[in-house]
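Summary of the model geometry
Residues per chain are reported as follows:
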Amino acid sequence: MSEYYDEEFGELGLVIGDFNIPQRAADLPPQFKDLLVPNKVQYVFCTGNVGNRETQDWLKTLSGNTHFVKGDFDEVKDIPETKVVQIGSWKMVMVHGHQLVPHGDEESQYTFLKEMEGDVLITGHTGVAKVTAVEKKYIINPGSATGGFNGQQTSIPSFLILEFKKEKLQVFIYTLDGEVKIDKQELPLQK
């Protein structure tokens with residue numbers, strides 16, 4: 001990332017995961033495939049449970065700066081359980097989430113994020129897109145890219161786009177419930 005940020009428009013990152021292809025879903029919804037094309041984002045953060053090599057390879061075509069963490073159903077051996085990525089002023093910590101007990105619990109997620117000394121925790125596993133502020137830190141979950149059944153419920157297909165700026169992070173939450181809907185949240189950097 002350059003030393004100076006363009007405050008008009010920052011660098012973009014895709015946050016996506018829990019595809020579970022072909023175990024729980026046949027493919028990414030075509031409405032999402034039409035939106036997610038190469039060279040539109042500078043970063044890809046995948047929370048795991050991709051499901052197959054073809055989907056993993058496709059994610060790598062979207063950006064030359066792609067980061068993966070291992071989900072509880074990923075069989076690829078060379079993917080780390082956790083990863084830390086520094087982007088400008090932001091320290092991003094990645095984990096699938098099945099390792100944090102109880103699953104989806106904000107207190108356990110926040111404790112993990114504090115231990116890793118990060119600003120933002122990127123986590124998956126629940127199948128539900130969510131952006132949460134806890135103390136001066138953030139927990140973001142892209143939900144399930146396919147909406148595949150997570151063992152308890154079928155979720156709404158979703159992913160996130162992050163826009164990195166020097167002092168804030170714009171989060172665009174894409175969901176597919178009949179049509180693609182976009183919600184936006186702004187997260188100020190708080191050190």
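Residues numbered from 1 in each chain as written. Predicted model: local features only at pLDDT ≥ 70, side-chain atom pairs only at ≥ 80, totals over all residues. Heavy atoms only, no water.

In the annotation of an unreviewed UniProt entry, the protein chain is listed under the name Vacuolar protein sorting-associated protein 29 and assigned to Paramecium primaurelia. Word for word, the UniProt comment on the protein chain under Sequence similarities (unreviewed entry) is "Belongs to the VPS29 family." (UniProt positions renumbered as here; feature names shortened; annotations may be inferred.)

All right, on to the confidence of the model for the protein chain then. For the protein chain, mean pLDDT is 89; residues scoring 70 or higher make up 93% of the total. Per-element mean pLDDT across the protein chain ranges from 91 in helix α3 (residues 106-115) up to 98 in strand β2 (residues 43-46). Of the regions scoring below 50 in pLDDT, residues 1-6 engages in 11 contacts with residues more than four places distant in sequence or in other chains. (pLDDT = per-residue confidence, 0-100. Helix = DSSP H or I, 4+ residues; strand = E, 2+ residues; numbered from the N terminus. Contact = heavy atoms within 4.5 Å.)

On to the side chain of T55. Within the secondary structure layout, T55 lies in helix α2 (residues 53-62). Excluding its chain neighbours within four sequence positions, the residues that come into contact with T55 are F19, I21 and V50.

What follows concerns the sheet that holds strand β1 (residues 11-16). A sheet is described by the order of its strands in space; here 6 strands give the open sequence β3-β2-β1-β9-β10-β11, paired in mixed fashion. Sheet topology places β3 (66-68) and β11 (179-188) at the edges, where each strand pairs with a single neighbour. Sheet twist, expressed as the average angle between the axes of neighbouring strands with direction ignored, equals 20°. Bridge analysis of β2 against β3 gives 3 bridges, and the strand direction is parallel. Across the sheet, F45 pairs through a bridge with H67, a residue of β3. (Pairing = 2+ DSSP bridges. Axes fitted to C-alpha atoms, helices over the stretch in contact; angles between N-to-C directions.)

Of all the positions in α3, only S108, Q109, Y110, F112 and L113 are classed as buried. Turning to α3, the residues buried within the fold contact β4 (82-87), β5 (90-95), β6 (120-123), β7 (129-134) and β8 (137-142). In the stretch just after α3, E117 is the one whose phi turns positive, near 55°. (Buried < 20%, exposed > 50% of the residue type's maximum accessible area, 1.4 Å probe, protein only.)

This brings us to the pattern of salt bridges. Summed over the entire model, instances satisfying the criterion amount to 4 salt bridges. Between E106 and K130 there is a salt bridge whose closest N-O contact spans 3.0 Å. One end of the pair, E106, is in helix α3; the other, K130, is in strand β7, and 24 residues separate them in sequence. Using a relative accessible area of 29% as the deciding quantity, one classes E106 as partly exposed. For K130, a relative accessible area of 41% corresponds to the partly exposed category. Here K168 ties to E186 by a salt bridge, and the two come within 3.8 Å at their closest N and O atoms. Note that K168 is positioned in strand β10 (residues 168-177) and E186 in strand β11, a separation of 18 residues in sequence. (Salt bridge = Lys/Arg side-chain N within 4 Å of Asp/Glu carboxyl O.)

Turning our eyes to something else, we now look at α2. All of the buried residues in α2 are T55, Q56, L59 and L62. One side of α2 carries all its buried residues, which in axial view fall inside an arc of 105°. On the buried face of α2, the contacting elements are β1, β2 and β3. (Arc of directions from axis to C-beta.)

It is worth spelling out the packing of aromatic side chains at this point. For the structure on display, the rule yields 5 aromatic pairs. Consider the rings of F32 and F159, whose centres lie 4.7 Å apart with planes at 85°: the pair is edge-to-face. Of this pair, F32 sits in helix α1 (residues 30-35) while F159 sits in strand β9 (residues 158-164), and the two are 127 residues apart along the sequence. This pair shows no difference in class: F32 is buried, exactly as F159 is. (Phe/Tyr/Trp six-rings, centres within 6.5 Å; stacked < 30°, edge-to-face > 60°.)

Think of a sheet as strands paired side by side through backbone hydrogen bonds, with each pair either parallel or antiparallel. What the 5 strands build is an open sheet, ordered β4-β5-β6-β8-β7; its pairing is mixed. The open sheet is flanked by β4 and β7, the only strands paired with a single partner. Strand-to-strand twist across the sheet, computed as the mean angle between neighbouring axes with direction ignored, equals 20°. Two strands pair when backbone bridges link them, and β5 and β6 are joined in this way by 4 bridges, in the parallel orientation. Along β6, the bridge assignment pairs V95 with T123. Sheet strands in contact with α3 are β4, β5, β6, β7 and β8, and its direction is about 115° off that of β8.

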